[in-house]
Amino acid sequence: GKYVAIVRAFDFLDIFVSPLFVFITIILLINLAVCLYDRLKVFLKIKRKPIGFERLKTHPNVLIFEKNPPSPPFDKGGMGGFDVEERLKKIGFKLKAEAQDAGFPLVKIYEKGLQYWWLSWFYHVGIILAIIGFFLTALSAFEKEVTLYPGKPLTISLYSKETRWNKFLKEIGREISEERKEDEYTFTLKEFKTDYYQGLKIDYPKDKLARLALGIGIKRIEPSKEGFSYMPKMWLTSLDVKKSDGRVLDAKLWVNKPFRTGALTLYQMGYEQKTKVSVHPVRKTGQDSLSNGVNGEVLEVENRVPFQVKGIEGKFVLGQLKLGTLFKKDGTKEKINPVTTVYYISDKNPYETETLGDLSHGKSLDAKNVVFEFKDYEEASSLSYRKDPGVWLVGLASLFVFLGLSVRSFGAWYRVQYAVEDRTAYILISTRGILADKDRVVTRLRQ
């Protein structure tokens, strides 16, 4: 409406490359880079310094271990019967620092686990790499579609002059790279396979009041008594992929299972169908159908695309062609005799379709003064192919981020500061991470 100028100016229909989004993302990138640099300088200078003995001794969370009555020789840790440092080393702690104030006992720091500040720093590096990958994708990625028919090889190229980066180079008058032989792939379709489930078919009423009755629950939804619906189970494409070096790869892909090799990624998008039908216009005389003198014509019709029959008003449409394997509700399966539905579109009301009936392979249908006969069919696989130089960087960076976050959140980091005075040991335990268990360390020390 009236805000279309704003939508166009900020490119909100393609938000991830809109000027506003790019500007905010660049600000975020700069901010992260500055913070990382600042933190790096700090982390490299970090020197662990134990707290003073007096602070350790009076800390509200300090643990106190009393030494047993003297039984020489005394242990080094100052705790009767065992050595604190030996116990810490056995459960994976390492000495990181020690310090002693004048006139007070020595305080030592032991640590175990990955340092959480470096984990945080590294997964923020991952965020920066992911953002760079996003920009690389936005500038260089492109996607195109290809339709493969059996026995008809088709060559594509993973090069496009229409990427944002190439368009930018053109605008500033710079030369762009030319297409290379290495970018070419040749596809040869070997098989396109479709499978269907036997589903429930429901005939919804066209009358508004009847639909309202269904909506408010006055009338029940009943399954159709005429056949069943075909629910897609699998669209599978099997093809040969010939690379520029002459190697031929045996490729298979289906919905949600792309095929990848090198910089090429193939996705299953759908299919294209063409049906050969013989049409015979007829005239009605009582109960009989007689030829009107016009010879039958064989048409190659693309399914779901309207076509006309000479001498007949309006248009006809063949619905989706059902073929392949049907998995029935009783657990059996059968080959589908190719079948399609014939629809009629009136010139007076082009927005409504009238169902004329089903047309099976090798059979005929008499409707609207036309005899349709199913002669043959051809089915093609519709694929999309994509080149995205940034996807590997985004994937690697995202893995980096989530691993860092996971270890940072669910890992376990411990720091133990301890000192011994006479026959009393003072131990202060700090933890980070959900899986860190302070009590487990205390139990191990007491055992």
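Scroll up to find the structure.
Residues numbered from 1 in each chain as written. Predicted model: local features only at pLDDT ≥ 70, side-chain atom pairs only at ≥ 80, totals over all residues. Heavy atoms only, no water.

### Observations regarding unusual backbone geometry
Step number 1: At Asn256, a residue that is not glycine, the phi angle is positive and equals roughly 70°.
Step number 2: Of note, Asn256 is situated in the loop between strand S8 (248-254) and strand S9 (259-261).
Step number 3: At Lys368, a residue that is not glycine, the phi angle is positive and equals roughly 55°.
Step number 4: If you trace the backbone, Lys368 turns up in the loop between strand S17 (364-367) and strand S18 (370-387). (Helix = DSSP H or I, 4+ residues; strand = E, 2+ residues; numbered from the N terminus.)

### Thoughts on a positive patch on the surface
Step number 1: On the surface, Lys193, Lys233, Lys252, Lys333 and Lys335 cluster together into a patch of positive charge.
Step number 2: With respect to the secondary-structure elements, Lys333 resides in strand S15 (residues 333-345).
Step number 3: Note on Lys333: relative accessible area 58%, which makes it exposed. (Patch = residues over 30% accessible without salt bridge, like charges linked within 9 Å, V, L, I, M, F, W, Y side chains within 5 Å. Areas by Shrake-Rupley, 256 points an atom, 1.4 Å probe, with all protein chains shown as cover. Salt bridge = Lys/Arg side-chain N within 4 Å of Asp/Glu carboxyl O. Lys, Arg positive; Asp, Glu negative; His and termini not counted. Charge placed at Lys NZ, Arg CZ, Asp CG, Glu CD. Buried < 20%, exposed > 50% of the residue type's maximum accessible area, 1.4 Å probe, protein only.)

### Some words on helix H2 (residues 19-44)
Step number 1: End to end, H2 covers 37 Å across 26 residues, agreeing with the expected 38 Å (1.5 Å per residue, within 8%).
Step number 2: Within H2 the residues assigned to the buried category are Thr25, Leu29, Leu32, Leu36 and Phe43.
Step number 3: Turning to H2, the residues buried within the fold contact helix H5 (116-140). (Expected span 1.5 Å × (residues − 1). Contact = heavy atoms within 4.5 Å.)

### Comments concerning the packing of H2 against H5
Step number 1: Between H2 and H5, the shortest axis-to-axis distance is 10 Å and the interhelical angle comes to 150°. Classified by the interaxial angle, the pair formed by H2 and H5 is roughly antiparallel. Note that H2 runs across H5; the crossing there is left-handed. In contact with Val22, Thr25, Ile26, Leu28, Leu29, Leu32, Ala33, Leu36, Arg39, Leu40, Phe43 and Leu44 of H2, H5 contributes Trp117, Trp118, Trp121, His124, Val125, Ile127, Ile128, Ile131 and Phe135.
Step number 2: Grouping the amino acids of the contact of H2 with H5 by side-chain chemistry returns 18 nonpolar, 2 polar and 1 charged. (Axes fitted to C-alpha atoms, helices over the stretch in contact; angles between N-to-C directions. Parallel < 35°, antiparallel > 145°, perpendicular 65-115°, else oblique. Left-handed = near helix turned anticlockwise from the far one by under 90°. Nonpolar A, V, L, I, M, F, W, Y, C, P; charged D, E, K, R; others polar.)

### What to know about the sheet that holds strand S3 (residues 107-112)
Step number 1: Strand order in the open sheet formed by 5 strands is S1-S20-S19-S3-S2, with antiparallel pairing between adjacent strands. Looking along the sheet, the strands with just one partner apiece sit at the ends: strand S1 (63-66) and strand S2 (94-99). Between one strand axis and the next, the sheet turns by 25° as a mean value, whatever way the strands run.
Step number 2: Both S2 and S3 contribute to a ladder of 5 bridges, which runs antiparallel. The partner of Glu98 across the bridge, within S3, is Lys108.
Step number 3: Strand contacts of helix H9 (residues 438-446): S1, strand S19 (413-421) and strand S20 (424-432), with the helix running at about 150° to S20, the strand carrying the most contacts. (Pairing = 2+ DSSP bridges.)

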